Amino acid sequence: MVPSPKAEPASLDGLAREALGQVPDAIRKFLAAIAPAIRRACRGVMGAGHTDLEDTIQDCFIDATRALPSYRFQGGLLAYVTKIAVRRALASRRRSVARVRHLQLLEDLHDELPVPDANVEEIERAEVMRDLIRRLRPVQAETLVLRVVLGFSVEEIALSTEVSVNTVKTRLRLGKKTLRQLLTVHAGQAPRTPIR
Amino acid sequence: MTADQHPEDLIDRAVQGRLEPAEQAALNHHLAGCAACAAHVSLAPRFARDLAPQARDAALDQRAIEAAMARMQQSPSLRRRPAPSWVRWAAAVALLVSVTAGAAVIGHRIVSRPASPPPAPAVERPAPRAPVRPVGPAPAEAPVPDEAPPAKATPPARASAQPAVTAAALFERAEQQRREGRVDAAVATFRRLQSAFPATAEAHLSYALAGQLLLKQGRPGDALAQFDRNLRSDGEVGEEALAGRATALEQLHRTADAIAAWKSLLARYPGSVYAERARARLDALNERR
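J.: Please clarify how the overall build of chain A should be interpreted in this entry.
T.: When its secondary structure is counted, chain A shows eight helices and zero strands. Taken from N to C terminus, the helices and strands of chain A fall in the order α-α-α-α-α-α-α-α. In chain A, which comprises 196 residues, the share counted as buried stands at 45%. Considering only intrachain contacts with a sequence separation of at least 6, the fraction spanning at least 24 residues in chain A is 67%.

J.: Help me understand the interface of chain B and chain A, please; the structure alone is not making it clear to me.
T.: Accessible area lost when the parts come together is the quantity often used to give the size of an interface. The interface is formed by 39 residues belonging to chain B together with 44 residues belonging to chain A. For the side of chain B that touches chain A, the element with the most residues is helix α3 (residues 35–51) of chain B, which contributes twelve residues. Residue classes in the side of chain B that touches chain A are distributed as 25 nonpolar, two polar and twelve charged.

J.: So what exactly am I meant to see when it comes to the packing of helix α3 (residues 53–67) of chain A against helix α4 (residues 57–74) of chain B here?
T.: Pairs of packed helices are described in terms of their axes, by the angle between the two and the distance that separates them. Where α3(A) contacts α4(B), the two axes come as close as 9 Å, and the packing angle between them is 55°. As summarised for this structure, α3(A) and α4(B) are arranged oblique, according to the angle between their axes. Judged by the twist between their axes, the crossing of α3(A) over α4(B) is right-handed. Residue-level inspection shows A:Glu54, A:Ile57, A:Gln58, A:Phe61, A:Ile62 and A:Thr65 of α3(A) in contact with α4(B), the latter providing B:Leu60, B:Arg63, B:Ala64, B:Ile65, B:Ala67, B:Ala68, B:Arg71 and B:Met72. Grouping the constituent residues of the contact of α3(A) with α4(B) by class yields nine nonpolar, two polar and three charged.

J.: Explain the confidence of the model for chain B to me, please; I cannot follow it from the model alone.
T.: All names here are of chain B. When pLDDT is averaged along chain B, the result is 72, and 66% of the positions lie at 70 or above. For chain B, per-element mean pLDDT is lowest for helix α8 (residues 126–129), which scores 36, and highest for helix α2 (residues 21–33), which scores 91. For this predicted complex, the interface confidence comes out at an ipTM of 0.78, alongside a pTM of 0.51.

J.: When you look at the environment of A:Thr161 in this model, what are you seeing that I'm missing?
T.: Relative to the assigned elements, A:Thr161 resides in helix α7 (residues 154–161). Spatially, the C-alpha atoms of A:Thr161 and A:Glu142 are 9.1 Å apart, while their sequence positions differ by 19 residues.

J.: What's the story with α3(A) in this structure? I'm lost.
T.: Each turn of an α-helix holds 3.6 residues, which means side chains three or four residues apart point in the same direction. The end-to-end C-alpha distance of α3(A) is 21 Å, a good match for the 21 Å that 15 residues give at a rise of 1.5 Å each. Every buried residue of α3(A) is accounted for by A:Leu53, A:Thr56, A:Ile57, A:Gln58, A:Asp59, A:Cys60, A:Phe61, A:Ala64 and A:Thr65.

J.: What's the story with the confidence of the model for chain A in this structure? I'm lost.
T.: Parts of the prediction with low pLDDT should not have their coordinates interpreted in detail. Residues and elements named next belong to chain A. When pLDDT is averaged along chain A, the result is 81, and 79% of the positions lie at 70 or above. In the model of chain A, helix α4 (residues 77–111) stands out as the element of lowest mean pLDDT, 70, in contrast to helix α6 (residues 138–149), which has the highest, 94. The low-confidence segment residues 190–196, where pLDDT is below 50, has seven contacts with residues more than four positions distant or belonging to other chains.

J.: Help me understand the nonpolar core, please; the structure alone is not making it clear to me.
T.: Looking at soluble globular proteins, one finds that nonpolar side chains tend to be buried together. A:Ile34, A:Ile38, A:Cys42, A:Val81 and A:Val145 are the most contacted members of the largest nonpolar core, which totals 71 residues. Looking at this core, the element that brings in the most residues is helix α2 (residues 24–46) of chain A, giving twelve residues. When near neighbours in sequence (up to four residues on either side) are disregarded, A:Val81 contacts A:Ile34, A:Ala37, A:Ile38 and A:Ala64. In this structure, B:Val187, B:Ala208, B:Ala241 and B:Ala261 belong to the second largest nonpolar core, which totals 33 residues.

J.: I would appreciate a short explanation of the environment of B:Arg277 in the present structure.
T.: Residue and element names in this part refer to chain B. Mapped onto the fold, arginine 277 is located in helix α16 (residues 275–288). Look at arginine 277 and you get partly exposed, because 16 C-beta atoms sit within 10 Å. Between the C-alpha atoms of arginine 277 and tryptophan 262, which are 15 residues apart in sequence, the distance is 9.0 Å.

Calculation rules
Residues numbered from 1 in each chain as written. Chains lettered and ligands numbered in written order. Predicted model: local features only at pLDDT ≥ 70, side-chain atom pairs only at ≥ 80, totals over all residues. Helix = DSSP H or I, 4+ residues; strand = E, 2+ residues; numbered from the N terminus. Buried ≥ 20, exposed ≤ 12 C-beta atoms within 10 Å, placed from the backbone. Contact = placed C-beta atoms within 7 Å. Nonpolar A, V, L, I, M, F, W, Y, C, P; charged D, E, K, R; others polar. Axes fitted to C-alpha atoms, helices over the stretch in contact; angles between N-to-C directions. Parallel < 35°, antiparallel > 145°, perpendicular 65-115°, else oblique. Left-handed = near helix turned anticlockwise from the far one by under 90°. pLDDT = per-residue confidence, 0-100. Expected span 1.5 Å × (residues − 1). Core = buried A, V, L, I, M, F, W, Y, C linked by C-beta atoms within 7 Å.

Right, here's the structure in full:
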């Protein structure tokens, strides 16, 4: 289901090295190669119909190009740019959430017409989930997006975020604990312990 | 297994449908007490569908790439990236060497007699020049500080001087014409794009879009040709093209082919937004036969 960061073509590193030369055509080729990973991450965090999606993808392209000199050519470039895109998309969603929260859900529904009735609730639950994840601490939000929304395995998250598997597990445990409390609050029940 | 011990490996296998009954029971026990994991498992198919490739992806990527490139080229702060540390060190060392060499030459000239010819100018000249370039503001050629940069400096200038007739520009123009309701002009522009840039993602996508426009114009034969080109060319085969092709075949009264086309859509995209329509059309067509 998830395109593994390990499965990326060897030529991707070559494109990245050429893009480091700052020649426009080389950068264009590099961006075209990472576009699916960037788009996927942004769409996962923001939702397919988000009004800021395209702007955020542009921002991610710029972020990825600027971050390229820091890339050590280890661990997978797609994982590296996915992490960058998730961070940028989470920030964009935080900024715009108050502005478009309610309109957006309507747009999502409109975009996906015709939608069987049973799917409406599912779309809304997915939107709620994105919104609740956004409220977590940044490092936990990033980990949960990679895991829950983008479907990365624990090992793939470790590769992407350049931390150990145990650190990823800890972040997931803490993130899911808070998420559970937020879900409880959202369902209209008072949480037993205060949410940090 | 407590509510705080999330069985991530079981969740992965549950999402992939590869759980043994005993494992499923253990997972269910956890999910009963963990709303976060329950949401994780139940929403996995939804998120996977959201992330599946869409027909408009190629155009979206193209627009975003061009916009990002334009922003990076317009803004010096975005265009310039800090040189890697080894480049800065190399530049500093080269500068130091040149200053030292320059000082030595000057010292030599001072102590030597004025009537004597200048010693070995060919060796002196390159030394002070070489290190100046890497510490300049746009270190595009920083990894090779000694080399002159014509090959790398030329492309941006050439690119900016080029007329805007590119695949992306034609695609954008056709989309604009389509939005303005100028269907004939849009189809013509799509056709121009297809003939001028046949191997591009824009051309690939344009077959499906032109096909939709031709269908709306009541030209199913032409539309079918466009959809077929979309399906034949390399790249992603969109649900839209398959649904459009089936509709065109129906309008051409090629019932058997239309049935096969709708079935093909259902086989490739069982969860498609066109799936309901495909089933309804299949029922109607089978009834008609």
